[in-house]
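A structural walkthrough
Here is how the chains run, residue by residue.
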Amino acid sequence: MLPLPRSIAHLDMDAFFASVELLSAPDLRGQPVVVGGRRALAPSHGEPHPRLRSYVGRGVITTATYEARALGVHSGMGLMKAARLAPDAWLLPANFDAYREYSRRFKAAVQALAPVMEDRGIDEIYLDLSSQNPEGRLDVARSLALALQQAVRDATGLSCSLGIAPNKLLAKLCSDLDKPAGITVLGRADLESRIWPLPARRINGIGPKAAARLDGLGIHQIGALARAPLGLLQQHFGERYGLWLHRAAHGEDERPVVTESERKSFSRETTFERDLHPRLDKPELSRQFTRLCEQVAEDLRRRGYVGATIGIKLRFEDFQTVTRDHTLLLPTADPALIRRTAGECARRIPLDKRIRLLGVRVGKLSAPPEAPSPTPESARQARLFDD
């Protein structure tokens with residue numbers, strides 16, 4: 001008996017962080033808005049919100065509305081650079097507590113209609129709709145997508161885009177084809193007409209370096225990648241990755257929608273508004289360090305984990321990034337012990353340059369013991385960068 005055709009959806013929230021911000025600033029709808037930084041700026045005289053041109057600091061863009069993206073700004077770009085490109089865009093600070101709450105709301109609403117869900121981050125999910133569409137009909141898929149969009153809108157007031165296809169790889173490609181608030185339903189027969197004309201770099205799993213190497217081979221579109229000899233791809237990319245490129249270009253992907261995934265680590269990091277000196281700015285570094293450790297510990301506690309490997313990440317003024325970690329005999333979620341251990345890791349790094357970014361990570365996760373005993377270490381809190 002042949003298996004039933006799969007119907008896999010990728011649901012992606014539209015400009016999620018910016019859209020959440022616009023719920024409390026509806027006067028900015030349809031205008032270029034940039035979300036970034038953690039501190040609110042005072043608006044210019046007579047204006048309801050601050051303009052991007054008034055920003056001074058080291059922050060980066062968290063997200064931007066589609067109107068702002070049309071001006072050349074994008075997530076991850078420095079706010080000062082963005083201000084040169086779009087000085088009149090509005091600037092709002094990021095509010096991650098609100099984003100997490102709206103993420104919880106939209107996922108709960110979706111799962112009430114489509115329980116087989118794979119959580120891929122704060123603003124995107126995969127859904128297996130095969131049981132609701134056992135014959136793989138495109139009209140049924142579109143009706144399901146419309147119902148899911150309405151459920152998200154009712155629960156959050158926000159819009160989302162969906163791609164529905166025979167597998168995860170194609171579904172993710174499709175969800176980006178008709179943003180915002182778009183629905184793209186793809187059948188296997190549509191591969192050559194809808195997918196092959198797209199740039200090869202649009203395939204999730206082809207990064208900038210691989211895309212540049214493909215360009216060097218004259219392979220720019222997915223269709224050209226599909227027509228490239230397998231031997232050529234394996235010669236330039238290795239046996240396994242070359243085979244994956246060949247299969248991906250032909251729309252082949254057997255990965256299931258995974259409803260339970262084991263978390264491997266928790267981390268928090270912050271980029272400073274200005275580069276901090278290890279000695280002259282020690283109080284500020286210590287305060288930020290404590291905050292990060294407490295946030296990671298709270299993440300562990302809320303999700304029901306303890307971790308044994310504690311690590312620190314430093315990025316210096318010259319963008320050199322250094323990490324160090326240490327594995328404890330017993331796992332912990334104690335913020336003071338996390339801080340002490342991460343501080344010991346920091347003392348293994350030469351601190352002879354100003355620091356741009358500081359991060360803390362806890363890995364090697366496990367479930368906590370039923371009755372954890374207090375440890376003497378948890379009562380002590382080392383100061384960051386002590387000798």
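Residues numbered from 1 in each chain as written. Predicted model: local features only at pLDDT ≥ 70, side-chain atom pairs only at ≥ 80, totals over all residues. Heavy atoms only, no water.

1. Some thoughts on the overall build of the protein
When helices and strands are counted, the protein shows 13 helices and twelve strands. Considering only C-alpha atoms, the protein reaches an extent of 65 × 60 × 45 Å along its principal axes. Residue pairs at least 24 apart in sequence account for 69% of intrachain contacts in the protein once pairs closer than 6 positions are excluded. A total of about 19800 Å² of accessible surface is found on the protein, and carbon and sulfur atoms cover 51% of it. Taking the average location of the 56 positive side-chain charges in the protein and that of its 46 negative ones, the two points are 4 Å from each other. (Helix = DSSP H or I, 4+ residues; strand = E, 2+ residues; numbered from the N terminus. Contact = heavy atoms within 4.5 Å. Areas by Shrake-Rupley, 256 points an atom, 1.4 Å probe, with all protein chains shown as cover. Lys, Arg positive; Asp, Glu negative; His and termini not counted. Charge placed at Lys NZ, Arg CZ, Asp CG, Glu CD.)

2. Re the packing of aromatic side chains
Enumeration according to the criterion identifies eight aromatic pairs in this entry. Summarising the aromatic geometry, the rings of phenylalanine 16 and phenylalanine 17 are spaced 5.8 Å apart at their centres and angled 50° between planes, so their arrangement reads as tilted. With respect to class, phenylalanine 16 is no different from phenylalanine 17; both count as buried. Geometrically, the ring pair formed by phenylalanine 266 and tyrosine 305 is tilted, given 5.7 Å between the ring centres and 55° between the ring planes. Of this pair, phenylalanine 266 sits in strand 9 (residues 265–276) while tyrosine 305 sits in the loop between helix 12 (282–303) and strand 10 (306–316), and the two are 39 residues apart along the sequence. Pairwise contacts between aromatic rings join Phe16, Phe17, Phe96, Tyr99 and Phe106 into one cluster. The ring of tryptophan 90 carries the charged tip of arginine 51 above its face, separated from the ring centre by 3.5 Å. For lysine 168, the ring lying beneath its charged end belongs to tyrosine 126, and the centroid distance is 5.0 Å. (Phe/Tyr/Trp six-rings, centres within 6.5 Å; stacked < 30°, edge-to-face > 60°. Buried < 20%, exposed > 50% of the residue type's maximum accessible area, 1.4 Å probe, protein only. Lys NZ or Arg CZ within 6 Å of the ring centre and 35° of its normal.)

3. Comments concerning the layout of surface pockets
Each pocket or cavity is described by its volume, and for the largest pocket that value is around 2000 Å³. In terms of lining, the largest pocket is formed by 50 residues, of which the most central are Phe96, Arg100, Ile122, Ser267 and Arg268. The residue makeup of the lining of the largest pocket, split by class, is 14 nonpolar, 13 polar and 23 charged. (1 Å grid on protein atoms, 1.4 Å probe; cavity = no way out; pocket = protein on both sides within 12 Å on 5 of 7 lines; lining within 4 Å. Points joined across faces, edges and corners; volume = space filled by probe spheres on them. Nonpolar A, V, L, I, M, F, W, Y, C, P; charged D, E, K, R; others polar.)

4. Concerning the packing of helix 10 (residues 230–237) against helix 11 (residues 239–249)
Interaxial distance between helix 10 and helix 11 falls to 7 Å at its minimum, and their mutual angle equals 135°. In terms of orientation, helix 10 lies oblique with respect to helix 11. Two packed elements cross with a definite hand, and for helix 10 against helix 11 that hand is right-handed. Across from Leu230, Leu233, Gln234 and Phe237 in helix 10, the residues of helix 11 making contact are Glu239, Tyr241, Gly242, Leu243, Leu245 and His246. Residues belonging to the contact of helix 10 with helix 11 are distributed by class as follows: six nonpolar, three polar and one charged. (Axes fitted to C-alpha atoms, helices over the stretch in contact; angles between N-to-C directions. Parallel < 35°, antiparallel > 145°, perpendicular 65-115°, else oblique. Left-handed = near helix turned anticlockwise from the far one by under 90°.)

5. Details of the nonpolar core
Core analysis: the largest hydrophobic core is formed by 31 residues, its most contacted members being Leu11, Met13, Phe16, Val110 and Leu127. Those elements that provide at least two residues to this core are strand 1 (8–13), helix 1 (16–24), helix 4 (96–113), strand 6 (124–128), helix 5 (138–156), strand 7 (160–165) and strand 8 (183–185). Setting aside its immediate chain neighbours within four residues, leucine 127 contacts Ser7, Ile8, Ala9, Val110, Ala114, Val116, Met117, Leu148 and Val257. (Core = buried A, V, L, I, M, F, W, Y, C linked by side-chain atoms within 4.5 Å.)

6. Details of the packing of helix 8 (residues 208–216) against helix 10
The description of two helices packed together rests on the angle between their axes and the distance between the axes. At their nearest, the axes of helix 8 and helix 10 sit 12 Å apart, and the two run at 130° to each other. For the element pair helix 8 / helix 10, the angle class is oblique. Judged by the twist between their axes, the crossing of helix 8 over helix 10 is right-handed. When helix 8 is examined against helix 10, the residues Ala210, Arg213 and Leu214 are found in contact with a partner set consisting of Leu233, His236 and Phe237.

7. A few points about the environment of isoleucine 222
Following the sequence through the fold, isoleucine 222 ends up in helix 9 (residues 222–227). Judged by its relative accessible area of 0%, isoleucine 222 is buried. In this structure, the C-alpha to C-alpha distance between isoleucine 222 and glycine 163, residues 59 residues apart in sequence, is 18 Å. Beyond its immediate stretch of four places on either side in the chain, isoleucine 222 contacts Leu173, Ile195, Trp196, Leu198, Pro199, Ala200, Ile203 and Ala249.

8. Observations concerning helix 11
For helix 11, the complete set of buried residues consists of Gly242, Leu245, Ala248 and Ala249. Projected down its long axis, helix 11 shows its buried positions confined to an angular sector of 130°, all on one face. Of the exposed residues in helix 11, the ones pointing more than 90 degrees away from its buried face are Glu239 and Arg240. Where helix 11 is buried, its residues meet helix 6 (168–175), helix 7 (191–195), helix 9 and helix 10. Following helix 11 by one or two positions, glycine 251 has its phi on the positive side, about 75°. (Arc of directions from axis to C-beta.)

9. So, the environment of glycine 242
In this fold, glycine 242 is placed in helix 11. Discounting chain neighbours no more than four positions away, the residues touching glycine 242 are Leu230, Leu233, Gln234 and Phe237.

10. Examining the pattern of salt bridges
Any two side chains of opposite charge can pair, given that their charged atoms come close. Scanning the entire structure with this criterion turns up 24 salt bridges. Across the pair glutamate 284 and arginine 287 runs a salt bridge, and its minimum N-O distance is 2.8 Å. One end of the pair, glutamate 284, and the other, arginine 287, are both in helix 12, three residues apart, so they sit about a helical turn from each other. Given the relative accessible area of 46%, arginine 287 is considered partly exposed. With a closest N to O distance of 3.9 Å, arginine 302 and glutamate 298 form a salt bridge. In this pair, arginine 302 and glutamate 298 both sit in helix 12, four residues apart, roughly one turn of the helix. Each of Arg268, Glu298, Asp299, Arg301 and Arg302 takes part in salt bridges that share partners, so that together they form one network. (Salt bridge = Lys/Arg side-chain N within 4 Å of Asp/Glu carboxyl O.)

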